[in-house]
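Observations on the three-dimensional arrangement
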Amino acid sequence: MRIARLLGTVLGTTLLTTTAVLTAPAQAGPAAPRDAVSLDGPALRDSLDAVHEAGMYGVFSSVRDGGEKWTGASGVADVATGRPVTPDMRQRVGSISKTFTAVGIMQQVERGRIRLDAPVGDYLPDLIPGERGREITVRMLLNHTSGIGDYVLSAFPSLAKGSTDSLEEERFRSVRPAELVRMGLAAPATGRPGTVPGSYSNTNYVVAGLLLEKVTGQKAGAYLTRHVIDRAGLRHTYLPRTPYIKGPHPRMYESWFGLLDPPRDFSVYDMSWASTAGSVVSTTGDLNRFYRALLGGKLVGKASLDQMTRTVPVSGIDYGLGIYSLELQGCGRFWGHDGAVFGAGTIALSSRDGKRQVALAQNLMKYQELDEKGRPKQHPIDDAIAAHVVRALCTDAPASGINHSRLTKSLRFDQLSH
């Protein structure tokens, strides 16, 4: 089946990331100076409504330019009741969790408890023994050049057979991080440790979470809550302990490229399968606050931030340590991450100075159809999301001129390694 062929090569990204590599037209010219930029509320409102009108159930967004803020929401949080989405809703943010985990690791690097270029086997010899443990460094985990495969197909085995049965069967399953790592290590290696381009693997960040526990003597969730979430001043962000989301949130609908028709609600789900690679719950406002704190030096020092923003090519993007960069032609370079879990997608991007930001969340995933090669076709929703993101970050770049020809591919629904 096409879906099986697709899943056999692309699953990990489909579940935990939705990177939107957006390109504005070169002829748009340079962005206006920061102090001359202001947010166009009506245009942002229109572009967010366009996402809903293109078929997205519900979408909400927070935009910031210096001290100026804009928030908006369009569509429904519950298709059965018509309950609307609101800008303050909480959302599972998938692989954006990786930035949180990377910050925790870098804090321990600053304390001298971890060395970035030390073999991971020095810290976790029983978890990654032998040659792999000697060759893979902490840095390779964080920038996805370890060569360790992804565990997702092993965690949800029916997906490789063209069936979504595993998604429902594993809804309330609790799985330990060490078991996820075992699955990843048993998967085919994606390359020799340290070689580039790297290959995105969720296993890397589950190992990073276990490393954080080893050197701090604390559960990763407890450490990240106290030293990252609280330190950044986030009020609505947490790592869940149950399958339920606390506070106002949308239902989260998964289509799985039409295999689930109508799309199924996965807002109640045990997220232990995502661990420190993708289980964080947050709001769009908190995500902007988090990246502003990180890029502003509130969570780690300049030397650590310099390390985090040293990128290597990974599955078609410029990836640092838990954060990637995105060049918008005629507008500038932005930093952040994105993520997807069953039924929920989120992206957060910030200028390097942390002043211009957007965070967007959606509650319908894998709505695209597949082409004859089993690849997702570009969907009007993709274009509309791109237009809103660019409108939010690039006031002077007209959304109508954006080149979206690579959008579906860059959303990484068709590649395992991102």
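Quick caveat, the model's predicted, so the values are computed rather than measured. (Residues numbered from 1 in each chain as written. Predicted model: local features only at pLDDT ≥ 70, side-chain atom pairs only at ≥ 80, totals over all residues. Heavy atoms only, no water.)

Comments concerning empty space enclosed by the protein
Put simply, the rule reads: Using protein atoms alone on a 1 Å grid, points that fit a 1.4 Å probe yet trap it form a cavity, whereas open point sets bounded by protein on both sides within 12 Å along at least five of seven lines form a pocket; residues with an atom within 4 Å of a point count as lining. Grid points are joined across faces, edges and corners, and a volume is the space filled by probe spheres set on the points. Only Asp, Glu, Lys and Arg are considered charged in this grouping, and only Ala, Val, Leu, Ile, Met, Phe, Trp, Tyr, Cys and Pro are considered nonpolar; every other residue, Gly among them, is considered polar.
In the structure shown here, the tally under the stated rule is four cavities of 30 Å³ or more. Approximately 50 Å³ is the volume found for the second largest cavity. In terms of lining residues, the second largest cavity is bounded by Ala155, Phe156, Glu170, Arg173, Val175 and Trp273. A breakdown of the residues in the lining of the second largest cavity according to their chemical character gives four nonpolar, no polar and two charged.

Focus on the layout of surface pockets
Where empty space is left becomes clear once a probe the size of a water molecule has been rolled over the atoms. The condition is simple: Elements are defined by DSSP. Helices are runs of H or I of four residues or more, strands are runs of E of two residues or more, and each kind is numbered from the N terminus.
Taken as a whole, the largest pocket encloses approximately 860 Å³ of empty space. Lining the largest pocket are 27 residues; nearest its centre among them are Glu213, Lys219, Gly221, Pro240 and Arg241. At the level of elements, α8 (177-186), α9 (202-216), α10 (220-229) and α11 (275-278) are the ones that each hand at least two residues to the lining of the largest pocket. By volume, the second largest pocket is sized at about 270 Å³. In terms of lining residues, the second largest pocket is bounded by 16 residues, among which Ser62, Thr71, Gly285, Asp286 and Arg289 are the most central. The set of elements that each furnish at least two residues to the lining of the second largest pocket consists of β1 (58-65), β2 (68-75) and α12 (284-295). Within the lining of the second largest pocket, the residues separate by chemical class into four nonpolar, six polar and six charged.

Let's talk about the side chain of Asp270
Operational definition: Exposure classes here rest on a 1.4 Å probe applied to the protein chains alone. A residue is buried below 20% of its type maximum, exposed above 50%, and partly exposed in between. The positive count covers Lys and Arg only, the negative count covers Asp and Glu only, and His and the chain ends enter neither. Criterion for a salt bridge: a side-chain nitrogen of Lys or Arg within 4 Å of a carboxyl oxygen of Asp or Glu. Each polar contact in these results corresponds to two N or O atoms within 3.5 Å; when the atoms are within protein, one needs to be able to donate a hydrogen and the other to accept it, and residues that are neighboring in sequence are counted only if both atoms are side-chain atoms. Any two residues whose heavy atoms approach within 4.5 Å at even a single point are treated as in contact.
Mapped onto the fold, Asp270 is located in the loop between β5 (264-265) and α11. Here Asp270 is buried and forms no salt bridge, its nearest opposite-charge partner Arg92 lying at an N-O distance of 8.6 Å. At 2.7 Å, the side chain of Asp270 and the side chain of Ser272 are in polar contact. If sequence neighbours within four positions are ignored, Asp270 has contacts with Arg171, Phe172, Arg173, Ser174 and Pro243.

Some details on the packing of helix α3 (residues 97-110) against α9
Heads up, the condition is: In this analysis, axes come from line fits to C-alpha atoms, helices being fitted only over the stretch in contact, and the angle between any two N-to-C directions falls in the range 0 to 180 degrees. Each crossing gets its hand from how the near helix is turned against the far one by less than a right angle, where anticlockwise is left-handed and clockwise is right-handed.
Here α3 crosses α9 at 35 degrees, and the two axes come no closer than 10 Å. Handedness of the crossing formed by α3 with α9: left-handed. From α3, Lys98, Thr101, Ala102, Gly104, Ile105 and Gln108 reach across to α9, where they touch Asn202, Tyr205, Ala208, Gly209, Leu211, Leu212, Val215 and Thr216.

Considering the state of the cysteines
A covalent bond bridging the sulfur atoms of two cysteines is what the word disulfide describes. Heads up, the rule is: Cysteine sulfur atoms that pair up within 2.5 Å are treated as a disulfide.
One pass over the structure, following the stated rule, counts one disulfide. Between the sulfur atoms of Cys331 and its disulfide mate Cys394 the distance is 2.1 Å. Taking the sign of the S-S torsion, about -100 degrees here, the bridge from Cys331 to Cys394 comes out left-handed. With a gap of 63 residues between them, Cys331 in the loop between β9 (324-328) and β10 (332-341) and Cys394 in the loop between α14 (380-393) and α15 (407-410) connect regions that are remote in the sequence. For the pair Cys331 and Cys394, one class covers both residues: buried.

With respect to helix α2 (residues 41-53)
Structurally, the α-helix is built with 3.6 residues per turn, so residues lying three or four positions apart point the same way. Under the convention used in this document: Take the number of residues in a helix, subtract one, and multiply by 1.5 Å to get its expected span.
Over its 13 residues, α2 runs 18 Å from end to end, which matches the ideal 18 Å to within 8%, given 1.5 Å per residue. Residues of α2 that are buried: Gly41, Ala43, Leu44, Ser47, Leu48 and Val51. Elements that come into contact with the buried residues of α2 comprise β1, β2, β12 (356-362) and α14. Just beyond α2, the residue with positive phi is Gly55, at close to 130 degrees.

Topic: the packing of aromatic side chains
Quick note on the threshold: Here a pair means two rings of Phe, Tyr or Trp (six-membered ring of Trp) with centres within 6.5 Å. Their orientation is stacked below 30 degrees between planes, edge-to-face above 60, and tilted elsewhere. Consider the ring centre and the ring normal. A charge sits over the ring if Lys NZ or Arg CZ is within 6 Å of that centre and within 35 degrees of that normal.
Going through the model one piece at a time under the given rule, you end up with eleven aromatic pairs. Relative to Trp273, the ring of Phe156 has its centre 5.2 Å away and its plane inclined at 90 degrees; by these criteria the two rings are edge-to-face. Residue Phe156 is found in the loop between α6 (152-155) and α7 (165-169), and its partner Trp273 is found in the loop between β5 and α11; the two are separated by 117 residues along the sequence. Each member of the pair, Phe156 together with Trp273, is buried. Between Phe266 and Phe342 the ring centres are 5.9 Å apart and the planes differ by 55 degrees, which places this aromatic pair in the tilted class. One end of the pair, Phe266, is in the loop between β5 and α11; the other, Phe342, is in the loop between β10 and β11 (344-351), with 76 residues separating them in the sequence. As far as burial versus exposure is concerned, Phe266 and Phe342 are alike and both buried. Joined through ring pairs, the aromatic side chains of Phe156, Phe266, Tyr269, Trp273 and Phe342 make up one cluster. One cation-aromatic arrangement involves Lys246 over Tyr238; the distance from NZ or CZ to the ring centre is 4.3 Å.

Observations regarding the side chain of Glu170
With respect to the helices and strands, Glu170 occurs in the loop between α7 and α8. Residue Glu170 is classed as buried on the basis of its relative accessible area of 17%. The contact partners of Glu170, leaving out residues within four places of it in the chain, are Ala155, Phe156 and Tyr269.

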